[in-house]
Amino acid sequence: MNNLTNLNILKDILHRHGFSFSKGLGQNFLINSSVCPRIAEMGNAKEGYGIIEIGTGVGTLTAELARRADKVVAIEIDSRLLPILEETLHDFDNIKIINKDILEVDIVKLIEEEFGGMNVAVCANLPYYITSPIIMFLLESMARIDSITVMVQKEAAQRLCAEVGTRQSGAITVGVKYYGEAKLLFNVSRGSFMPAPKVDSSVIRIDINNDKRYGEIDESFFFRIVRAGFSQRRKTLANSISSTLGISKDIIFEVLLNMGINQAARIEELAMNELIILSESIKKSLN
Ligand code: SAM
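How each quantity is defined
- Counting of residues starts from 1 at the beginning of each chain's written sequence and follows it residue by residue.
- Restriction of local features to residues with pLDDT of at least 70 applies here, the model being predicted, together with a cutoff of 80 or more for giving and counting side-chain atom pairs; totals for whole chains, interfaces and linings are based on all residues.
- Only hydrogens and water are set aside; all other atoms, that is, all heavy atoms of the structure, feed into the side-chain values.
- Each helix corresponds to a stretch of at least 4 residues labelled H or I by DSSP, and each strand to a stretch of at least 2 residues labelled E; elements are numbered beginning at the N terminus.
- Throughout, the radius of gyration refers to the C-alpha atoms, and the reference size of a globule is 2.2 Å times the residue count to the power 0.38.
- Exposure categories follow from relative accessible area, calculated using a 1.4 Å probe and restricted to protein chains: below 20% of the type maximum is buried, above 50% is exposed, and the middle band is partly exposed.
- By definition, residues are in contact when any of their heavy atoms lie within 4.5 Å.
- Per-residue and other accessible areas follow the Shrake-Rupley method at a 1.4 Å probe size, with only the shown protein chains counted as cover for residues.
- Axis geometry follows a simple rule: fit a line to the C-alpha atoms, using only the stretch in contact for helices, then measure angles between N-to-C directions, giving values from 0 to 180 degrees.
- For classification, angles of less than 35 degrees are called roughly parallel, those exceeding 145 degrees roughly antiparallel, those between 65 and 115 degrees roughly perpendicular, and all remaining angles oblique.
- All residues other than Ala, Val, Leu, Ile, Met, Phe, Trp, Tyr, Cys, Pro, Asp, Glu, Lys and Arg, Gly among them, are scored as polar; the first ten of these are nonpolar and the last four charged.
- The nearness test applies per residue and asks whether one of its heavy atoms lies within 4 Å of the molecule or strand.
- Between N or O atoms, a polar contact is any pair within 3.5 Å; within protein, one atom must be a potential hydrogen donor and the other a potential acceptor, and residues adjacent in sequence are included only when both atoms are from side chains.
- Put simply, two rings from Phe, Tyr or Trp (the six-membered ring, in Trp's case) pair if the centres are within 6.5 Å, and we call them stacked under 30 degrees between planes, edge-to-face over 60, tilted for the rest.
- For a Lys NZ or an Arg CZ to count as sitting over a ring, it must be within 6 Å of the ring centre and within 35 degrees of the ring normal.

Secondary structure assignment for the protein chain yields 12 helices and nine strands. Rg of the C-alpha trace for the protein chain: 21 Å, near the compact-globule value of 19 Å for 287 residues, within the 12% margin. Each principal axis of the C-alpha distribution contributes one length, and for the protein chain these read about 65 × 40 × 30 Å. Among the 287 residues that make up the protein chain, the fraction classed as buried is 50%. Looking at the protein chain alone, contacts between residues at least 24 apart form 68% of all its contacts between residues at least 6 apart. As presented, the protein chain carries roughly 13,300 Å² of accessible surface, and 47% of it is formed by carbon and sulfur atoms.

Below is the structure:
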């Protein structure tokens, strides 16, 4: 297989196939030869593992994953890349490409059908325009995935890896913490991509804890409260939850009073267990 991070080789392939980058689909392809092997190695691409990749580009990371793991199923939305992948991944017999929007894939079914007894991990250089929706989609699918190792914008990585209850946190921080533990692996400069994006990137890994740690709670209501609270993060949590979900402020104030939390608190000040108590108490008060 050709070295796809070699600029001349990459340009030649793209030119021969008449391919032009789509900004809307977040197409920034890796041209730094050390990055894909590192993502693959730190992302559980190894014997006994089936890997789901999101967004193949020309197959640079796909090939590194397929070299190490038992099988790779790669989801790519852009059908213009299919003939290119046929050429670049020709040497591999353990790769399946699915031409679809990742958000429309039934992940549980895919794992059942494609990965038999293998362990499963996700690895990707994500399209940045839908980083959070993709991560929440994977986590909420409750599919048996051990880890999600992804390249994201540096700022998104900081939010994903932040502690709940700090200024850096957001709804996605709470989502990640609810299902697992996120860790920053390494940073990647903008010059490692073609075309170069305007921001630097980081690779993070979320290790998923498949044993639920927060007991029997109404998850869907919990995430509605969290999203509402963070949707207007400069406001108090009472104001943002009340205006977004139409819940009376008196109910929220009473819950906060019982929890010993100031009425003027913002959602980013609450720890994980406080967010759980908040949503469960509001839910009870509404019944
Ligand atoms: N993995 C390649 C690399 O590292 O060079 C490409 C990464 S590029 C940042 C993101 C890829 O995701 C593109 O190939 C793009 O077409 C694809 N993509 C964008 N939106 C997608 C979606 N909703 N579902 C699946 N793939 C998507």
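It is worth spelling out the packing of helix 8 (residues 171-179) against helix 12 (residues 272-286) at this point. As a packed pair, helix 8 and helix 12 sit with axes 11 Å apart at the nearest point and diverge in direction by 100°. When the axes of helix 8 and helix 12 are compared, the pair comes out roughly perpendicular. Between helix 8 and helix 12, the residues in contact are Val174, Lys177 and Tyr178 and Met272, Leu275 and Ile276, respectively. Taken together, the residues that form the contact of helix 8 with helix 12 break down as five nonpolar, no polar and one charged.

Taken together, 23 residues form the shell around the ligand, and within it Leu30, Gly55, Glu76, Asn125 and Tyr129 come nearest. A distance of 2.9 Å separates an oxygen atom of the ligand from a polar atom in the side chain of glutamine 27. Here a nitrogen atom of the ligand and a side-chain polar atom of tyrosine 129 are 2.8 Å apart. Protein contact buries 99% of the 600 Å² of open area that the ligand shows by itself. Counted by class, the shell around the ligand contains 11 nonpolar, seven polar and five charged residues.

Under the counting rule described, the total for this entry stands at eight aromatic pairs. When the centroid spacing of 6.1 Å and the interplanar angle of 10° are considered together, the rings of tyrosine 179 and phenylalanine 223 count as stacked. Residue tyrosine 179 is located in helix 8, and its partner phenylalanine 223 is located in helix 9 (residues 219-231); the two are separated by 44 residues in the primary sequence. Like tyrosine 179, the residue phenylalanine 223 is buried in the burial classification. Three or more aromatic residues link up through ring pairs in this structure, and these residues are Tyr178, Tyr179, Phe222 and Phe223. Above the ring of phenylalanine 186, the side-chain terminus of arginine 38 is found at 3.9 Å from the ring centroid.

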